[in-house]
2 protein chains.
Amino acid sequence: MSEKLLFTPGPLSTSPAVKQAMQRDLGSRDAEFIAAVREIRCGLVSLAGPGGEDYEAVLIQGSGTFAIESVIGSAVPRGGRLLVAVNGAYGRRMVQIAERLGIATEELLFAEDEPVDARRVDEALHSGVPFTHAAVVHCETTTGILNPIEPIGEAVHRAGAVFLVDAMSSFGGIPLDVAGCRIDFLVSSANKCIQGVPGFGFVLARRTSLQECEGLARSVSLDLFAQWRGLETDGQFRFTPPTHAILAFRRALQELQEEGGVAGRCARYSANHAALMDEMAAMGFVPYLRREHQSPIITTFRYPANPRFHFDEFYAALSRRGFVIYPGKLTRENCFRIGTIGDIFPADIGRLTAAIREVLAEAGVELRP
Amino acid sequence: MSEKLLFTPGPLSTSPAVKQAMQRDLGSRDAEFIAAVREIRCGLVSLAGPGGEDYEAVLIQGSGTFAIESVIGSAVPRGGRLLVAVNGAYGRRMVQIAERLGIATEELLFAEDEPVDARRVDEALHSGVPFTHAAVVHCETTTGILNPIEPIGEAVHRAGAVFLVDAMSSFGGIPLDVAGCRIDFLVSSANKCIQGVPGFGFVLARRTSLQECEGLARSVSLDLFAQWRGLETDGQFRFTPPTHAILAFRRALQELQEEGGVAGRCARYSANHAALMDEMAAMGFVPYLRREHQSPIITTFRYPANPRFHFDEFYAALSRRGFVIYPGKLTRENCFRIGTIGDIFPADIGRLTAAIREVLAEAGVELRP
């Protein structure tokens, strides 16, 4: 069965060796598995950048959202107040999670095509009742926009608040100085830029901030502190880990190193993205974001202003040719998305855009470059 | 690399074809993946037995404990009261989860070597403030004991309460008439008797009981009703699903059918268990449970009364020979456990017990048969 290539924000196309690593059943309490978990936790901390020795890596079963909820539900104490800067669906999701947990939460809203403005975060942190915690998304997968984590972190730090960053779709693919950006809790997941398969998320937590979470969690399953304590005590997960996804991730981390670490991977993603932008512009597609706000992770394109363009048909025709793209998620605009992460290369972008040309021609959709 | 055989309660040894099914990357919003999820949900409902048409299957990312927490946190309303019958660690875990969620919970405690007594459940349900919900574990993996779900379900039904059953380590391996036992919510996970890989749990929920959960969940990630609604609306998970584990599970369900369904699988597990009991008795090992309470899933054996027996060495020596057994989890007794589920057969039990003989002989541990 020939594989389709995934131009999605994850689950994404993984390397054959990553999938091959799942061809074994390991016991979750067996020494080899425990060693794999240890290797992964060390590998993640080494990606944090300078000052990484102050951080702990904690793996959490489930999707990335589960890991986000474990951080919010374990870090914000009763009586805490959370500010969430929002310019897309994943920022809004953090608000939804916090509100469901009964946490006093304020949403600081930005347009979906504008980055979060650190000055407005700073103002919000100094107006009215103080916030104990502040959260932002690094790369909003909704659009592909990059938010400026460093000045936001400085503002949060000056206000004496704890800083939570959803780096789901960027960590491992875009260099980020976790300590330098004053991050207390960073969340990502296995099936994003590290190019593993889905099954768990992970948290890079400043050790001193993590230690303050003891006894705070609203949930047993999503108790970040207890999960850390369990991993530290005997190296085991408290509850059944996704052993195969963990083995795949160990291999994925090795491949990240072989590619030259985060810098090397970012270079490939940037090359993928540049090839995509050139080819799509040549066809007349208009990106949703201004170039200076755009990440190399995923790119949003407006639907062509042509009545013959129907996204569902476009998607299906590309899928039949072996290329899976991604629908849009904007509140108001009709857009679709193309991811440039995973085990894909500029030549794959060339094959994808050639297929897009074919599909448009067959549908009689002419664009004006 | 040669595979070790896992004599554990899961993650367990899976078939080569189940692992092979993970050699593909599918998009989580792609039609083929959505069809796989639909096939799995139908397959699970078909295992519920007669009256299955009144049930819905909902998949939840994470370990089985996450699915348990999603049921408790989504089904018991504010002001509800939960009775949990406990004769092992997994019953206690349900109490811990409910208490963490702020649910008024009462623990009805039994000895770890005695099944839950339906008459005592009945009495508890009719003493004092009424309970809205009652929960019990079907097969307590702590010991391998089987609890009598049918009379307990009758008692819960007479009391007008909602019945939650943790059938984590039994569902698919021991016949269970879900509707006949008056079960409202049954929980199990992918890496148990259906012989998939870990990554998600699932809930079989009586539709009318599930419909009453709307808006009750304490968590966004573990909102059972919202998860169901999402799967029903567009066939998609709300949050990234473990795509590879799902494909493995689809294959595992096909293999369950090929083996003759739950009855066929139970016959093999029973043959595994009978072979284990015979061989272990011949060596002089003493099982912890009386035979009439013992499931064919996992068996607890007491440490031999021989000062030369050290469990860690015993475990390691068996592991070096390619056999992974499981430590004990009893509060008071020194025991170990041997699972008889997964892609293992009576001949494998023979190889395991031959290795046990060797290891004991090498350590100079003589037993008295």
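To be clear, the structure that these remarks concern was listed above.
Residues numbered from 1 in each chain as written. Chains lettered and ligands numbered in written order. Predicted model: local features only at pLDDT ≥ 70, side-chain atom pairs only at ≥ 80, totals over all residues. Heavy atoms only, no water.

What follows covers the side chain of T340(A). All names here are of chain A. Counting through the fold element by element, T340 comes out in the loop between strand 14 (335-339) and helix 12 (346-363). Here the side chain of T340 touches P296 through a polar contact of 2.6 Å, landing on its backbone oxygen. In this structure, T340 is in contact with Y269, N272, H273, L276, P296, I297, I298 and I349, ignoring residues within four places of it in sequence. (Helix = DSSP H or I, 4+ residues; strand = E, 2+ residues; numbered from the N terminus. Polar contact = N/O pair within 3.5 Å; in protein donor to acceptor, adjacent residues only side chain to side chain. Contact = heavy atoms within 4.5 Å.)

Of the residues lining the interface, 54 residues belong to chain B; the matching set on chain A comes to 54 residues. Summed over both partners, the interface of chain B with chain A buries about 4500 Å², with 54% contributed by carbon and sulfur atoms. Contact with chain A buries surface across chain B, with D25(B), F66(B) and R100(B) losing the most and accounting together for 15% of the total. Viewed at the interface, chain A and chain B are joined by six salt bridges. One salt bridge in this structure joins K4(B) and D30(A), with 3.5 Å as the shortest N-O distance. (Buried area = accessible area lost by both parts, 1.4 Å probe. Salt bridge = Lys/Arg side-chain N within 4 Å of Asp/Glu carboxyl O.)

The subject of this paragraph is the sheet that holds strand 2 (residues 55-61) of chain B. Pairing between the strands of a sheet is mediated by backbone hydrogen bonds and can be parallel or antiparallel. Residue and element names in this part refer to chain B. One open sheet holds the seven strands; their spatial order is 2-10-9-8-5-3-4, and the pairing between them is mixed. Only two strands of the sheet have a single neighbouring strand rather than two, namely strand 2 and strand 4 (104-109). For this sheet, the mean inter-axis angle between neighbouring strands, taken without regard to orientation, is 20 degrees. Sheet topology note: the strand 3 (residues 81-86)/strand 5 (residues 133-137) ladder contains three bridges and is parallel. Residue pairing for strand 5: V84 is matched across the bridge by A135. Along the sheet face, helix 2 (residues 31-46) touches strand 2 and strand 10 (200-206) and points at about 125 degrees away from the line of strand 2. (Pairing = 2+ DSSP bridges. Axes fitted to C-alpha atoms, helices over the stretch in contact; angles between N-to-C directions.)

With that settled, consider the pattern of salt bridges. For the structure shown, the criterion picks out 51 salt bridges over all chains. Note that E259(A) and R265(A) form a salt bridge whose closest N and O atoms lie 2.9 Å from each other. We classify E259(A) as partly exposed; its relative accessible area is 23%. Between R321(B) and E362(B) there is a salt bridge, with its nearest N and O atoms 2.7 Å apart. One end of the pair, R321(B), is in the loop between helix 11 (311-320) and strand 12 (323-324); the other, E362(B), is in helix 12 (residues 346-363), with 41 residues separating them in the sequence. Overall, R321(B) belongs to the partly exposed group, its relative accessible area being 29%. In the salt-bridge network here, residues are joined through shared partners; they are R41(A), E56(A), R207(A) and E232(A). (Buried < 20%, exposed > 50% of the residue type's maximum accessible area, 1.4 Å probe, protein only.)

In terms of burial, strand 2 (residues 55-61) of chain A is largely enclosed, as seven of its seven residues are buried. Here strand 2 of chain A shows two buried faces, one formed by Y55(A), A57(A), L59(A) and Q61(A) and the other by E56(A), V58(A) and I60(A).

Residues and elements named next belong to chain B. Counting through the fold element by element, I103 comes out in the loop between helix 4 (89-100) and strand 4. Each C-alpha atom, one on I103 and one on F301, is 36 Å from the other, the two residues being 198 residues apart in sequence. In contact with I103, not counting residues within four places along its chain, are I72, V76, G80, L82, A98 and R218.

As a further point, take the sheet that holds strand 13 (residues 326-327) of chain A. Residues and elements named next belong to chain A. Within the open sheet, the three strands sit side by side as 11-14-13. Their pairing is antiparallel. The open sheet has two edge strands with one neighbour each: strand 11 (298-302) and strand 13. By the bridge criterion, two bridges tie strand 13 to strand 14 in an arrangement that is antiparallel. Looking at the pairing, P327 lines up with F336 of strand 14.

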